[in-house]
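# Overview (structure and organization)
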Amino acid sequence: QVQLVESGGGLVQAGGSLSLSCVTSGIIFNIHTMAWYRQAPGKQRELVASITSGGNTVYSTSVKGRFTISRDNAKNTVYLQTNSLKPEDTAIYYCNAERPGPGWNFWGQGTQVTVSS
């Protein structure tokens, strides 16, 4: 059974930081591209950052320079370090695991990040 379990969300003031984690099980972690998405109320889910099995990263323009995605293949875990948080970063943050082929796309349950002004 595939599980992706996010943690680390919470309430923080603008300018603060949070460290998000996503622990996975049931997948061959080191061959998956891992990503963080977020969804704010009334908005579509959007990609925040991704990291390939080889360590290549992609960031959305809105978080580049403030957020850092990383992975620890030994711990089957992907991280998102969020710094200089802004109220517009408020959203539910979801962990995603993906590999080529039909059906190889998995989601966590999400963790709430709320940034107060």
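## A word on the state of the cysteines
Evaluation of the coordinates by the stated rule reveals one disulfide. For C22, the disulfide goes to C95, at an S-S distance of 2.1 Å. Residues C22 and C95 are joined through a disulfide that is left-handed, its torsion about the S-S bond being -85 degrees. You can see C22 sitting in strand β3 (residues 18-25) and its partner C95 sitting in strand β9 (residues 91-98), a full 73 residues away along the chain. For C22, a relative accessible area of 0% puts it in the buried group.

## So, unusual backbone geometry
Of note in the backbone geometry, N76 takes a positive phi value of approximately 55 degrees without being a glycine. Locating N76 in the fold gives a position in the loop between β7 (67-72) and β8 (77-82). Not every positive phi belongs to a glycine, and S84 is a case in point at roughly 50 degrees. Position of S84 relative to the elements: it lies in the loop between β8 and β9.

## Overview of the environment of W104
With respect to the secondary-structure elements, W104 resides in the loop between β9 and β10 (105-107). Along the primary structure W104 and I27 are separated by 77 residues, whereas in three dimensions their C-alpha atoms are 9.5 Å apart.

## Focus: the pattern of salt bridges
Tallied over the full model, the rule gives three salt bridges. The partner of E46 in a salt bridge is R38, and the shortest N-O contact between them spans 2.7 Å. You can call E46 partly exposed: its relative accessible area is 35%. The residue R38 makes a salt bridge to D89 at a minimum N-O spacing of 2.9 Å. Taken as a pair, R38 in strand β4 (residues 33-39) and D89 in the loop between β8 and β9 lie far apart in primary sequence, 51 residues in all.

Cut-off values and rules
Residues numbered from 1 in each chain as written. Predicted model: local features only at pLDDT ≥ 70, side-chain atom pairs only at ≥ 80, totals over all residues. Heavy atoms only, no water. Disulfide = S-S within 2.5 Å. Helix = DSSP H or I, 4+ residues; strand = E, 2+ residues; numbered from the N terminus. Buried < 20%, exposed > 50% of the residue type's maximum accessible area, 1.4 Å probe, protein only. Salt bridge = Lys/Arg side-chain N within 4 Å of Asp/Glu carboxyl O.

Treat this as a map of the structure, not an account of what it does.
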